Amino acid sequence: MDRRVFLVLLLAGCADTSANAPFTTSPAPAAPPPGPAPAPAPPVAPPPAAASAQSFDAWLAAFKPKAVAAGLTPQLLDRELDGLTPDPKVVSLDGRQPEFSKPVGDYVKGVTSEDRVAVGRAKRQELAFLPNIESRYGVPRDILLAVWAMESAFGKIQGNFDVVRSMASLAADGRRRNWAEGELIAALKIIASGEDTRAQLRGSWAGAMGQTQFLPSNYLSTAVDWDGDGRRDIWGSDADSLASAANLLAKGGWRRGVGWAEEVILPAGFDYSLAEGPREVPSWWEAKGVRRADGLPWTAADAASPAGLILPAGAKGPAFLALPNHFAIRTYNNSTSYALGIGLLADQFGGGGPLIAAWPVEAPLSLADRMAAQIALSRLGFDPGPADGVVGAGTRKALRAWQQDRRLPADGYLSSDMVARLKAQAGIV
């Protein structure tokens, strides 16, 4: 959920100046020559803005009965949606693929900057309500502070998009229609309840609201009035925001007393294809030569918990055994890098030190290279899914299978070297 840098699109339109043009008369058109009548001119497509408005209006007409069926009144729908127009910036941001993909090591270093760690440690001491939230929900205060830092820079960057308009724009665009319509209905239900007004529902372009960036559906089901003022204020109340985040993580499967991950050292000759594979208790991994990097023993709770191996930067970078709470963190953002950033930042808030293994020095991968690698895998018989430049689970699985076939370390990590090898074997120039 990185909403710190946005591509701003400036849309220019043509003003209608006909009202100011002088009235003139024109000669009558010449008579057509004898013969068959000319073929009718092909219909002229409406300008893109007009076509977009027509499409949006058609979607809106179809959406209103669904919203009524979900329990909203026609009066509220008319009041909030009549005259609404799509936000082109939201649609553009939703479809944008970044030109370059930041290496995970650079991402983590940015997440765990000295300034951010210092602010988090200060908040840890200042906020007297944190121990009670931790006791109630079982989620450590350092994890909550890390979520707060990552989602809104401790409440400073919350987004100022009209959530109703954003969700309507995404729904009308159609790429994620069912999801966006559900979130729009949730936003309208918040307004209908009287707890928050339309003007208060401000957030990111993707509809995430407040200091801990809740979607409208999460607000309805999970937000908490911790400070007891009668309103679940995730915009202005630090206490409500962090308690709501704790409740979300608890509902997402957070296990009280269990860690989120531990850095590990892998033995020589290790089978890297086990990454993102089985989830077994630490003793199962120890039998394969895997050891905690800090040399400490596992706690009883962690020793009894299933853990999966993750290699965020491949075989040349740090390795981790991800415990169940790693996956609970992904309630917020289903990204390994995001969950890793939250966990490592939390560790530093609590006084933890740096990792044992160093992150490899890498150049960012371009969108063209990521897509070329996916095309190459497909040509070579290893299906990564669509060639969209998104290096997700499907791409990593296909890459791992190709690496095994080529007798390479099967870590599933797409580096510049792997891109070059794939393009060469597939004959892509």
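Residues numbered from 1 in each chain as written. Predicted model: local features only at pLDDT ≥ 70, side-chain atom pairs only at ≥ 80, totals over all residues. Heavy atoms only, no water.

A.B. asks: Honestly, the overall build of the protein in this entry has me stumped. Any pointers?
C.D. replies: For the protein, the count of helices and strands is 18 helices and nine strands. Looking at the protein alone, contacts between residues at least 24 apart form 68% of all its contacts between residues at least 6 apart. Accessible surface, the protein as shown: approximately 21500 Å² in total, 56% of it carbon and sulfur. (Helix = DSSP H or I, 4+ residues; strand = E, 2+ residues; numbered from the N terminus. Contact = heavy atoms within 4.5 Å. Areas by Shrake-Rupley, 256 points an atom, 1.4 Å probe, with all protein chains shown as cover.)

A.B. asks: Would you explain the pattern of salt bridges in this entry?
C.D. replies: Note that side chains of opposite charge can pair when their charged atoms are close. In total, this model carries 20 salt bridges according to the counting rule given. Across the pair Asp 78 and Lys 64 runs a salt bridge, and its minimum N-O distance is 3.1 Å. Here the residue Asp 78 occupies a position in helix α2 (residues 74–81), and Lys 64 occupies one in helix α1 (residues 48–69), the gap between them amounting to 14 residues. Here Asp 196 and Arg 231 are joined by a salt bridge, their closest N and O atoms 2.6 Å apart. With Asp 196 in the loop between α9 (177–193) and β3 (202–203) and Arg 231 in the loop between α10 (216–222) and α11 (238–251), the pair connects residues that are 35 residues apart, well separated along the chain. Judged by its relative accessible area of 1%, Asp 196 falls in the buried class. Connected via shared salt-bridge partners are Arg 79, Glu 80, Asp 162 and Arg 198. (Salt bridge = Lys/Arg side-chain N within 4 Å of Asp/Glu carboxyl O. Buried < 20%, exposed > 50% of the residue type's maximum accessible area, 1.4 Å probe, protein only.)

A.B. asks: How should I be thinking about the layout of surface pockets in this particular structure?
C.D. replies: To find leftover empty space, one rolls a probe the size of a water molecule over the atoms. By volume, the second largest pocket amounts to about 720 Å³. What lines the second largest pocket is a set of 30 residues, and nearest its centre among them are Trp 260, Ala 261, Glu 262, Leu 344 and Asp 347. Elements that contribute at least two residues to the lining of the second largest pocket include exactly α4 (104–111), α7 (141–152), β4 (261–265) and α15 (336–349). Considering each element in turn, the lining of the second largest pocket owes the most residues, four residues, to α15. For the lining of the second largest pocket, the residue count by class is 15 nonpolar, seven polar and eight charged. (1 Å grid on protein atoms, 1.4 Å probe; cavity = no way out; pocket = protein on both sides within 12 Å on 5 of 7 lines; lining within 4 Å. Points joined across faces, edges and corners; volume = space filled by probe spheres on them. Nonpolar A, V, L, I, M, F, W, Y, C, P; charged D, E, K, R; others polar.)

A.B. asks: Quick question: what am I supposed to make of the sheet that holds strand β5 (residues 279–280) here?
C.D. replies: Where strands meet in a sheet, backbone hydrogen bonds hold them as pairs that are either parallel or antiparallel. With antiparallel pairing, five strands are arranged side by side in an open sheet as β5-β7-β8-β4-β6. Unpaired on one side and paired on the other, β5 and β6 (291–292) mark the two borders of the sheet. Across two bridges, the pairing between β5 and strand β7 (residues 307–310) is antiparallel. Bridged to Glu 280 within β7 is Ala 307. (Pairing = 2+ DSSP bridges.)

A.B. asks: Honestly, unusual backbone geometry in this entry has me stumped. Any pointers?
C.D. replies: Outside of glycine, negative phi angles account for most residues, and trans bonds account for most peptide bonds. The backbone of Phe 154 shows a phi angle near 60°, a positive value even though the residue is not glycine. Tracing the backbone shows Phe 154 in the loop between α7 and β2 (161–162). The exposure class assigned to Phe 154 is buried, which follows from its relative accessible area of 11%. Backbone geometry places Gln 213, a non-glycine residue, at a positive phi of 50°. If you trace the backbone, Gln 213 turns up in the loop between β3 and α10. Residue class for Gln 213 comes out buried when judged on its relative accessible area of 3%.

A.B. asks: Would you take a moment to explain the packing of helix α5 (residues 114–126) against α7 for this structure?
C.D. replies: Think of two packed helices as two axes; the pair is described by the angle between the axes and how far apart they sit. Put simply, α5 and α7 touch, their axes get as near as 10 Å, and they point 130° apart. The angle between α5 and α7 places the two elements in the oblique class. Here the hand of the crossing between α5 and α7 comes out right-handed. Contacts between α5 and α7 pair Arg 116, Gly 120, Lys 123 and Arg 124 from the former with Arg 141, Asp 142, Leu 145, Trp 148, Ala 149 and Met 150 from the latter. (Axes fitted to C-alpha atoms, helices over the stretch in contact; angles between N-to-C directions. Parallel < 35°, antiparallel > 145°, perpendicular 65-115°, else oblique. Left-handed = near helix turned anticlockwise from the far one by under 90°.)

A.B. asks: Help me understand the pairing of strand β8 (residues 319–322) in this model?
C.D. replies: Side-chain direction in a regular strand flips from residue to residue, so the side chains alternate between the two faces of the sheet. Along β8, one buried face is formed by Ala 319 and Leu 321 and the opposite face, lined by Phe 320 and Ala 322, is buried too. Note: β4 against β8, four bridges, orientation antiparallel. Paired with Glu 263 across the two strands is Phe 320, which belongs to β8. Summarising the sheet, β7 and β8 pair through three bridges and their orientation is antiparallel. By the bridge assignment, Gly 308 is partnered in β8 with Ala 322.

A.B. asks: Is there a simple way to think about α7 in this case?
C.D. replies: Helical periodicity: at 3.6 residues per turn, an α-helix aligns residues three or four positions apart in one direction. Here α7 is twelve residues long and its end C-alpha atoms lie 16 Å apart, about the 16 Å a rise of 1.5 Å per residue gives. A large share of α7 lies buried, amounting to eleven of its twelve residues. Along α7, the positions that sit buried rather than exposed are Asp 142, Ile 143, Leu 144, Leu 145, Ala 146, Val 147, Trp 148, Ala 149, Met 150, Glu 151 and Ser 152. The inward-facing, buried residues of α7 contact α4, α5, α6 (130–137), α11, α14 (324–329) and α15. (Expected span 1.5 Å × (residues − 1).)

A.B. asks: Explanation requested: the environment of Trp 179 in the structure shown.
C.D. replies: When you line up the elements, Trp 179 lands in helix α9. With a relative accessible area of 29%, Trp 179 lands in the partly exposed category. In this structure, the C-alpha to C-alpha distance between Trp 179 and Met 167, residues twelve residues apart in sequence, is 9.1 Å. Apart from residues no more than four positions distant in its own chain, Trp 179 is found in contact with Met 167, Leu 170, Ala 206 and Leu 215.

A.B. asks: In this structure, what is going on with the packing of α6 against α7? I would like to understand it.
C.D. replies: Contact pair α6 / α7: the axes reach a minimum separation of 9 Å and the direction vectors enclose 110°. Taken as axis vectors, α6 and α7 run roughly perpendicular relative to one another. On the side of α6, the interface is formed by Leu 130, Pro 131, Ile 133 and Glu 134, while α7 contributes Arg 141, Leu 144 and Leu 145. Partitioned by chemical class, the residues of the contact of α6 with α7 number five nonpolar, no polar and two charged.

A.B. asks: Any chance you could explain the packing of aromatic side chains here in plain terms?
C.D. replies: On inspection of all chains with the given rule, the structure shows eight aromatic pairs. Each ring, one from Trp 59 and one from Phe 63, has its centre 5.1 Å from the other, and the planes form 20°; the classification is stacked. Pair noted here: Trp 59 and Phe 63 are both in helix α1, with a separation of four residues, about one helical turn. A single burial state applies to Trp 59 and to Phe 63, both of which are buried. Geometrically, the ring pair formed by Phe 270 and Tyr 272 is edge-to-face, given 5.9 Å between the ring centres and 80° between the ring planes. Each member of the pair, Phe 270 together with Tyr 272, is buried. (Phe/Tyr/Trp six-rings, centres within 6.5 Å; stacked < 30°, edge-to-face > 60°.)

Functional significance is not addressed by these values, which are geometric in nature.
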